[in-house]
Amino acid sequence: MDFTFTEEQQAAAEAARGVLADVAPDGVPSPALTRGAVADHFDRTLWARLADADLLSLLLHEESGGAGLDAVALCLVLRESAKVLARVPLLETSAAAAAVQAYGGSELKSALLARAGRGEVVLTVAAHGRTGHDAAELAVTARQDEEGTARSDGAGSGGDWVLDGVQTAVPWAYDADHILVPARTGDDRSILALVPRGHAGTALAEQISTTGERLGELRLESARISARDVITADGAWEWLRGLLAIGTCALALGLGERVLRMTGDYTSERKQFGHPIASFQAVAVQAADRYIDLRAMEVTLWQAAWRIASGAQGALPASGDIAVAKIWASEGVRRIVQTAQHLHGGFGADVDYPLHRYHAWAKHLELSLGPAAAHEEALGDLLAAHPLG
């Protein structure tokens, strides 16, 4: 295991910093100032700049116009994007395209990947199930016409697939051209179906996240999807779910780093009794605790990202490392923003100061990751099934 980033990975992070340098967090639409959705669309201008910098095609192979990098590089870029609250579906489009590349059929790859890498097609993933607490693949049922079969390359062939069910809190659902939907077949297999926005048999209901962004509740009623647009390969959904999880952990890390930096700057300047409050022991101890959270979030993220990127075997499946990263990210990002609000005092709630935006985004990330207790239970099950030593 080597956590030293390659030159290519570092170059991707540097490129992201350059593109994102002009994004002002205090200009990001605030849920505290807007009723309903803060905006109708994501930041299309920033999206185009990311595409021009080849940051939307990081994970794609060269034949699709990509850089051929791995999950670690994507996490480095996502980390930078969270520091400025970038309103773009970078994680969702990158992860969905990577899943198509790894598991989809040749026709689907040819039709989708290069265009996604250029930013011409926006993708998202329905990953939260019916309620946000159940497994996403169980929220939708899938059946194929009798003449359909599964091809050896992972793509369905033959008859259309018919989907029924509900997926909640789909990010960027109103902007995405396609939603990648996990579903369960009658023989207890998981598939991934690429559902076009506005497709017959589908409907969207608006939901609002804590960030004020529009999410969508996706309803499918006998929605027929071409076999070409369905991924039936074993392990596809599990792999995609892991990539989405570590990407969300990377967002939490980047946000936490920026918030702790804001807190350090503020407490170094704010004075009481003639001294910066950062010099007070009670303040220093709280900041130190949050720094420990950040370092734990960081090392567990890179461990999980390395497992996904390398495919390396370990004492536990990669899902164990992902569970540990999610535990630290969901708990850590919450503690960091809570401490930041406390140390900022009333200034932290001032809508003219960006901290309240970071707090709202942190809550959204925490909810997206799910409760730490659930991940601890999953980790316990893995440890029981794979005794160490």
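Rules of the game
- Position numbers for residues start from 1 in each chain and track the written sequence from start to end.
- Confidence filtering applies because this is a predicted model: local features only for residues at pLDDT of at least 70, side-chain atom pairs given and counted only at 80 or more, and all residues used for totals across whole chains, interfaces and linings.
- Hydrogens and water molecules were not included; the side-chain quantities draw on all heavy atoms of the structure.
- Only DSSP runs of H or I covering at least 4 residues are called helices, and only runs of E covering at least 2 are called strands; the numbering of each starts at the N terminus.
- Throughout, radius of gyration means the C-alpha value; the globule benchmark is 2.2 Å times the number of residues raised to the power 0.38.
- Note on exposure labels: buried denotes an accessible area under 20% of the residue type's maximum, exposed denotes more than 50%, and partly exposed covers the range between, all computed with a 1.4 Å probe on protein chains only.
- Residues are treated as being in contact if the distance between any of their heavy atoms lies within 4.5 Å.
- Per-residue and other accessible areas were derived by the Shrake-Rupley procedure at a 1.4 Å probe size, with only the shown protein chains allowed to occlude residues.
- Under this rule, positive means Lys or Arg and negative means Asp or Glu; His and the chain ends count for nothing.
- By convention, the point assigned to a charge is CZ for Arg, NZ for Lys, CD for Glu and CG for Asp.
- In this analysis, axes come from line fits to C-alpha atoms, helices being fitted only over the stretch in contact, and the angle between any two N-to-C directions falls in the range 0 to 180 degrees.
- Each angle receives one of four descriptions, namely roughly parallel if under 35 degrees, roughly antiparallel if over 145, roughly perpendicular if within 65 to 115, and oblique otherwise.
- Crossings are sorted by hand: turned counterclockwise from the far helix by less than a right angle, the near helix makes the crossing left-handed, and turned clockwise it makes it right-handed.
- In this classification, the charged set is Asp, Glu, Lys and Arg, the nonpolar set is Ala, Val, Leu, Ile, Met, Phe, Trp, Tyr, Cys and Pro, and all remaining amino acids, among them Gly, are polar.
- Among the buried residues, those of types Ala, Val, Leu, Ile, Met, Phe, Trp, Tyr and Cys that are joined through side-chain atoms within 4.5 Å form a nonpolar core.
- Strand pairing is assigned whenever DSSP detects at least two bridges linking the two strands.
- Ring pairs shown here join Phe, Tyr and Trp side chains whose ring centres sit within 6.5 Å, with only the six-membered ring taken for Trp; geometry is labelled stacked below 30 degrees between planes, edge-to-face above 60, and tilted in between.
- Basic side-chain nitrogens of Lys or Arg form a salt bridge, by our definition, when they fall within 4 Å of a carboxyl oxygen of Asp or Glu.

Colleague: Mind laying out the overall build of the protein chain, listing which residues take part and the relevant values?
Modeller: Of regular secondary structure, the protein chain possesses 10 helices and 12 strands. Taking 21 Å as the expected radius of gyration for a compact globule of 389 residues, we find that the protein chain reaches 21 Å, a close match to that expectation. Seen through its C-alpha atoms, the protein chain measures out along the principal axes to roughly 80 × 55 × 40 Å. Counting all 389 residues of the protein chain, 54% fall into the buried class. Within the protein chain, counting contacts between residues at least 6 apart in sequence, those at least 24 apart form 75% of the total. For the protein chain, the exposed area adds up to about 16,800 Å²; of that, 50% sits on carbon and sulfur atoms. The positive charge centre, built from 33 side chains, and the negative charge centre, built from 50, are 4 Å apart in the protein chain.

Colleague: A description of the environment of Trp-361 should follow, citing residues and the corresponding values.
Modeller: Checked against the element boundaries, Trp-361 lands in helix H9 (residues 355–369). Setting aside chain neighbours within four positions, we find Trp-361 in contact with Val-28, Leu-85, Ala-86, Arg-87, Thr-211, Glu-213 and Leu-255.

Colleague: How would you summarise the packing of helix H3 (residues 71–83) against helix H6 (residues 236–269) if you had to cite specific residues and measurements?
Modeller: Two numbers describe how H3 lies on H6: the axes approach to 7 Å, and their chain directions differ by 40 degrees. Taken as axis vectors, H3 and H6 run oblique relative to one another. Along this stretch, H3 crosses H6, giving a crossing that reads as right-handed. Packed against H3, whose contacting residues are Ala-71, Leu-74, Cys-75, Leu-78, Arg-79, Ser-81, Ala-82 and Lys-83, the element H6 presents Leu-243, Ile-246, Gly-247, Ala-250, Leu-251, Leu-253, Gly-254, Leu-255, Glu-257 and Arg-258 at the interface. For the contact of H3 with H6, the class distribution of residues is 11 nonpolar, three polar and four charged.

Colleague: Please provide a residue-by-residue account of the nonpolar core, values included.
Modeller: With 93 residues, the main nonpolar core has Leu-240, Ile-246 and Leu-255 as its most contacted residues. When residues of this core are assigned to their parent elements, the largest contribution, 16 residues, is made by H6. Setting aside its immediate chain neighbours within four residues, Leu-240 contacts Ala-95, Ala-96, Ala-99, Val-125, Leu-180 and Leu-192. Val-181, Ala-183, Ala-193 and Ala-223 belong to the second-largest nonpolar core, a separate cluster that totals 19 residues.

Colleague: Got a sec to walk through the pairing of strand S5 (residues 161–171)? Specific residues and values, please.
Modeller: With 10 of 11 residues buried, S5 lies mostly within the body of the structure. Pairing geometry for strand S2 (residues 140–144) and S5, over five bridges, is antiparallel. Among the inter-strand pairings, Gln-144 is bridged to a residue of S5, identified as Trp-161.

Colleague: Please set out the packing of aromatic side chains residue by residue, giving values where relevant.
Modeller: Under the defined criterion, the tally for this structure stands at six aromatic pairs. Residues Phe-5 and Trp-302 carry aromatic rings whose centres are separated by 5.1 Å and whose planes lie at 75 degrees to one another, so their mutual orientation is edge-to-face. Of this pair, Phe-5 sits in the segment before helix H1 (7–20) while Trp-302 sits in helix H7 (residues 281–310), and the two are 297 residues apart along the sequence. Among the residues examined, Phe-5 registers a relative accessible area of 25% and is labelled partly exposed. The class of Trp-302 is buried, set by a relative accessible area of 6%. For the pair Phe-42 and Trp-47, a centre-to-centre distance of 5.4 Å together with 65 degrees between the ring planes defines the contact as edge-to-face. Like Trp-47, Phe-42 is buried. Members of the aromatic cluster, joined through ring pairs, are Phe-42, Trp-47 and Trp-172.

Colleague: Run through the side chain of Asp-175, naming residues and quoting values.
Modeller: Inspection of the secondary structure puts Asp-175 in the loop between S5 and strand S6 (178–185). The side chain of Asp-175 sits in the buried core without any salt bridge; Arg-44 is the nearest counter-charge, 4.1 Å away. Setting aside residues no more than four positions away along its own chain, Asp-175 makes contact with Asp-40, His-41, Phe-42, Arg-44, Val-122 and Arg-197.

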